Amino acid sequence: MVVVLNWLHLGQPCKVPSNYNAASTLTGEQKGIVSRLRRLSAAFVNSPEITSSDMGRSAAKVEHLEEMLEQMTRDVAVILGNTGSHLPKGRYRGPDPGAFEEEAPEMKTLLEQKHFAKPIEADRLKFGGRPSFRPAELLEPHTRQIYEDPLAHARSVQESQEKPPRVTVRGHRKEVLRLLHRLDATDRLAIFTRKEVRMSHRSGLFCLMKSQEADRLIMDARPPNMLEDPLNSFTQIMAGIPPLLDLIVAPHEKIRAAGEDLKDYYYYYVVTRSRAARNSLAFELSPAEAQKFKAFRNVQGTDTCYIPALATMAMGDLNSVEFGQQAHVMLAALQGFVGSDFLTMRGKWPRQNWAIGIIIDDFVAIEKLDMQQEGHFSGELADIMVDAYLQKGLQPNEKKRFRDSKEASFWGITLDGDSCQIRSQLERTVPISFITGKVARLGSGNRKLLEMLAGAWISILQCRRRAMCLLSSIFRDIQLHPYGAPFRLSSETIDELWSLVVLCPLFCTDLRAQPSTELSLVDASGTHRAEVVTELPLEFAAELCRHRLTKAAWTRLLSPFRAWQRLHGFLEPENEVPFGEAVSQAHPLWTTMAKVFQFKTKQVHSIKEKTHINISELKSALEAESRRARVQPSSRPHIGADSQVALGALIKGRSSSRGLNSLLKRFLPGVLCYNVYTGWQYLGTADNVSDDPTRFRPCREPSMEPPDWLAAALSGDFALLDDYLKEQELDDATLARIPELHSG
């Protein structure tokens, strides 16, 4: 691990430096680094053996990757054995080689390509109880109308300008009939005549692997989805990982969590006859077959064949997520939860010590409490929801329930409540690391395999986005080659794959990292890079962590002409990004701080060679981060800059421009070794005090007195700050896009 970190820091050299001495005694700083690396990687190192049953639904993807790798190994052997030549390398300029023709991904459905659809096996599908949950009474009026009568709110078949895709009910007819009888036995089947349904826009069915013993039934509802408009007011407040990563845990505190999972959530939905017709299947029953189902009693009229349909909510329905999320959130609101209690994808961790999160059928309560505290409020919150579920006819899944758990896994991550580290679940990360190592050792791949590996690593890196810079060459290899043909990986891609495998134990967030009490602003000119600093009160520094930049603008180098304009101060912010891209907006809190506080010059570096302005700006930011990391390891520095390109690369963690990404790679070891989590923010060039020392000027004097809201915030009272941010439409609720919640 240390060797790879050294290699990245040195700029990925081809040989060991001549002055390297492996036997030298570690300095105190180096011992601190080793101690942190051991602590951060302990969970990975001490992980027990992981079996396919532990992997759950990820097992199918891992098995598919292994099958692809084995097949590719055989293909490579055939090529080398028959021709004695090397595998193709470089830009693809012709059609796919005939020996390896493969159906192009665009010819497959998204679900087939990404989630490995399986045919129906009735014995692997379980349906407990009967539909008993009436979500309509929890939905907003417009959403309720669409839920209860989707056919009336959909476009007619005649209005549709697009031919519906061909879908099928996957599986042997005998297995499909067995499935229909299982649905019928639990009142989840409806039967219609052909006149009652839209024959050209029926749905297919297939399965996804849920575990080693069971599958999940999915409706391929692309045809009816074409006729409807999406609803997304509540899908935007699904729980997300980013706000959880901003939680700050003191040394004397711990984290505990409690969670509930609703068993067969959608299968307990009571649906109307109209929604059941919307769920009609691309499958026909003869009159003799149809009459064997008790659902046949509700058929109106006669026909020569009949159409079965799901009389329940279906996964695959365009608005199933909105219905599920809205009903669950509104049910929580009826129990007294308010908008500020929710963790959302775009929101922030609330100032209180607890929060809840809902993702369709999952409920999680997370709390921060004193290390010696015994009672756990999170368990009480989850118990409140259990009572609400049972009253509404929903069934909690006791097998997935957890309370007061030191180590909890949810939303694809694992939270260790004692060490306060968050990382991607090891049940997924370890197998992906193993397969990545096998691909790197083989030195060959194909486009689909690399796409799947890249997608898996993007998910793993959600808890350490700064390491995204290690995914660079792999994307270039993906773009250079066609589907279906194996090719030799570039040496850069092999290096990246091994780097991911070796450094994977460090891809986590340490919630015990404390806020820095120093505020830095950075800038660069054609001749100098500079950093200026000022001190902050500790409580205000912690608050400032909640007001960081979270969305990248643009991450590629400016063109030579615009780089010249930027260097000489002629480039407007809106021209710093391509047309149509969102322009970063200066945060009024940071702008005010730049005008109110007295800064002092901390470091100035001369630029000895002509350098692209964006590279100088990024290097200035990285140097400030590196300096602060060495002063205060395991911390959360605050750094502001006026370069949208540099900030975009830092927020995203990578850049498609080689010059920028190589810098990110070179400074990544410092980020990992010193365990820092920087809060970046954008402010306008005119307000950036660090522009002064880059132009041989002393730091300017404050240009305004602290407004009342800032003065109160500096003393630890944030009520006026909240009011001010609400006026600017930058308050927590507005940013999180939380709709109005009715508590009854």
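Predicted, not measured: the structure shown is a model, and the values here were computed from it. (Residues numbered from 1 in each chain as written. Predicted model: local features only at pLDDT ≥ 70, side-chain atom pairs only at ≥ 80, totals over all residues. Heavy atoms only, no water.)

In terms of helices and strands, the protein chain carries 28 helices and 19 strands. Within the span of the protein chain, comprising 744 residues, buried residues form 55% of the whole. Restricting to contacts in the protein chain with at least 6 residues of sequence separation, those with at least 24 account for 83%. Put simply, the protein chain shows about 33300 Å² of open surface, and 52% of that area lies on carbon and sulfur atoms. (Helix = DSSP H or I, 4+ residues; strand = E, 2+ residues; numbered from the N terminus. Buried < 20%, exposed > 50% of the residue type's maximum accessible area, 1.4 Å probe, protein only. Contact = heavy atoms within 4.5 Å. Areas by Shrake-Rupley, 256 points an atom, 1.4 Å probe, with all protein chains shown as cover.)

Now for the nonpolar core. Core analysis: the biggest nonpolar cluster contains 68 residues, and Trp 457, Leu 470, Leu 503, Phe 507 and Leu 618 have the highest contact counts within it. In contact with Leu 618, other than residues within four places in its own chain, are Ala 646, Leu 650, Leu 660, Leu 663 and Leu 664. If you look at the next biggest cluster of nonpolar residues, it comprises 48 residues, including Ala 136, Leu 139, Ala 258 and Ala 333. (Core = buried A, V, L, I, M, F, W, Y, C linked by side-chain atoms within 4.5 Å.)

Here the focus is the environment of Pro 230. For Pro 230, the position within the fold is in the loop between helix H9 (222-225) and helix H10 (242-245). The class of Pro 230 is exposed, set by a relative accessible area of 57%. Residues Pro 230 and Ser 320 lie 90 residues apart in sequence; the distance between their C-alpha atoms is 9.8 Å. If we skip the residues at most four places from it in the chain, Pro 230 touches Leu 318 and Asn 319.

Here we take up the confidence of the model for the protein chain. Summing up the model confidence of the protein chain, the mean pLDDT is 88 and the portion of residues at 70 or higher is 88%. In this model, residues 91-115 is a region of pLDDT below 50 whose contacts with residues beyond four sequence positions or in other chains number 30 contacts. (pLDDT = per-residue confidence, 0-100.)

Packed helices, taken two at a time, are described by the angle between their axes plus the distance between the axes. Remark: helix H22 (residues 613-631) packs on helix H23 (residues 644-652), axes separated minimally by 8 Å, with the N-to-C direction vectors making an angle of 55°. In terms of axis orientation, H22 runs oblique to H23. Here H22 runs over H23; the crossing is right-handed. Contact with H22, carried on its side by Asn 614, Glu 617, Leu 618, Ala 621 and Leu 622, involves Val 645, Ala 646 and Leu 650 of H23 and no other residues of that element. Within the contact of H22 with H23, the residues separate by chemical class into six nonpolar, one polar and one charged. (Axes fitted to C-alpha atoms, helices over the stretch in contact; angles between N-to-C directions. Parallel < 35°, antiparallel > 145°, perpendicular 65-115°, else oblique. Left-handed = near helix turned anticlockwise from the far one by under 90°. Nonpolar A, V, L, I, M, F, W, Y, C, P; charged D, E, K, R; others polar.)

Moving on, we come to the layout of surface pockets. Here the second largest pocket is characterised by a volume of approximately 1200 Å³. Forming the boundary of the second largest pocket are 36 residues, of which Val 2, Leu 5, Asn 6, His 9 and Gln 30 lie nearest the centre. Listing elements by their share of the lining of the second largest pocket, those giving two or more residues are helix H1 (2-9), helix H2 (28-45), H22 and helix H24 (658-673). Residue classes in the lining of the second largest pocket are distributed as 23 nonpolar, eight polar and five charged. (1 Å grid on protein atoms, 1.4 Å probe; cavity = no way out; pocket = protein on both sides within 12 Å on 5 of 7 lines; lining within 4 Å. Points joined across faces, edges and corners; volume = space filled by probe spheres on them.)

This part takes up the pattern of salt bridges. Enumeration according to the criterion identifies 40 salt bridges in this entry. Notably, a salt bridge pairs Asp 123 with Arg 182, separated by 3.0 Å at the nearest N-O pair. You can see Asp 123 sitting in the loop between helix H5 (110-115) and helix H6 (141-148) and its partner Arg 182 sitting in helix H8 (residues 173-185), a full 59 residues away along the chain. Arg 403 is the salt-bridge partner of Glu 260, the closest N and O atoms lying 2.6 Å from each other. In this pair, Glu 260 sits in strand E4 (residues 253-261) while Arg 403 sits in strand E8 (residues 402-405), placing the two residues 143 residues apart along the sequence. (Salt bridge = Lys/Arg side-chain N within 4 Å of Asp/Glu carboxyl O.)

Inspection of the secondary structure puts Ala 382 in helix H14 (residues 377-392). For Ala 382, a relative accessible area of 0% corresponds to the buried category. Measuring from C-alpha to C-alpha, the distance between Ala 382 and Arg 401 comes to 9.4 Å, with 19 residues separating the pair along the chain. Those residues in contact with Ala 382, other than ones at most four positions away along the chain, are Ala 258, Glu 260, Phe 363 and Arg 403.

Going residue by residue along strand E19 (residues 679-682), you find Gly 679 and Gln 681 tucked away on one face and Trp 680 and Tyr 682 tucked away on the opposite face as well. Direction of pairing for strand E18 (residues 635-641) relative to E19: parallel, over a ladder of four bridges. Bridge assignment links His 638 to a residue of E19, and that residue is Gly 679. (Pairing = 2+ DSSP bridges.)

Below, the discussion takes up the sheet that holds strand E9 (residues 407-410). In spatial order, the strands read E9-E10-E11-E14; together these four strands make up an open sheet with antiparallel pairing. Where the open sheet ends on each side, the last strands, each with one partner, are E9 and strand E14 (508-510). Taking each pair of neighbouring strands and ignoring which way they run, the sheet shows an average axis angle of 15°.

Looking now at helix H13 (residues 320-334). Given 3.6 residues per helical turn, the α-helix brings residues three or four places apart onto the same face. Between its first and last C-alpha atoms H13 spans 21 Å; for 15 residues at 1.5 Å apiece the expected length is 21 Å, and the two agree. The buried count for H13 comes to 13 of 15 residues, which makes it a mostly enclosed element. Directly after H13, the chain includes Gly 336, whose backbone phi takes a positive value near 105°. (Expected span 1.5 Å × (residues − 1).)

Once that is clear, we can look at the packing of H1 against H24. Where H1 contacts H24, the two axes come as close as 6 Å, and the packing angle between them is 135°. On the basis of the axis angle, H1 is oblique to H24. In this structure, H1 uses Leu 5, Leu 8 and His 9 to contact H24, whose residues at the interface are Lys 665, Arg 666, Pro 669, Leu 672 and Cys 673. Here the residues of the contact of H1 with H24 are counted per class, giving five nonpolar, one polar and two charged.

Here we take up the packing of aromatic side chains. One pass over the full model with this rule turns up 16 aromatic pairs. Note on Trp 354 and Phe 377: the rings are 5.4 Å apart at their centroids and 80° apart in plane angle, and the pair reads as edge-to-face. Pair noted here: Trp 354 is in strand E6 (residues 354-359) and Phe 377 is in helix H14, with a separation of 23 residues, a long-range link. Take Trp 354: its relative accessible area is 19%, and that puts it in the buried class. On the basis of an interplanar angle of 90° and a centroid distance of 4.9 Å, the ring pair of Phe 410 and Trp 411 is categorised as edge-to-face. Among the residues examined, Trp 411 registers a relative accessible area of 15% and is labelled buried. (Phe/Tyr/Trp six-rings, centres within 6.5 Å; stacked < 30°, edge-to-face > 60°.)

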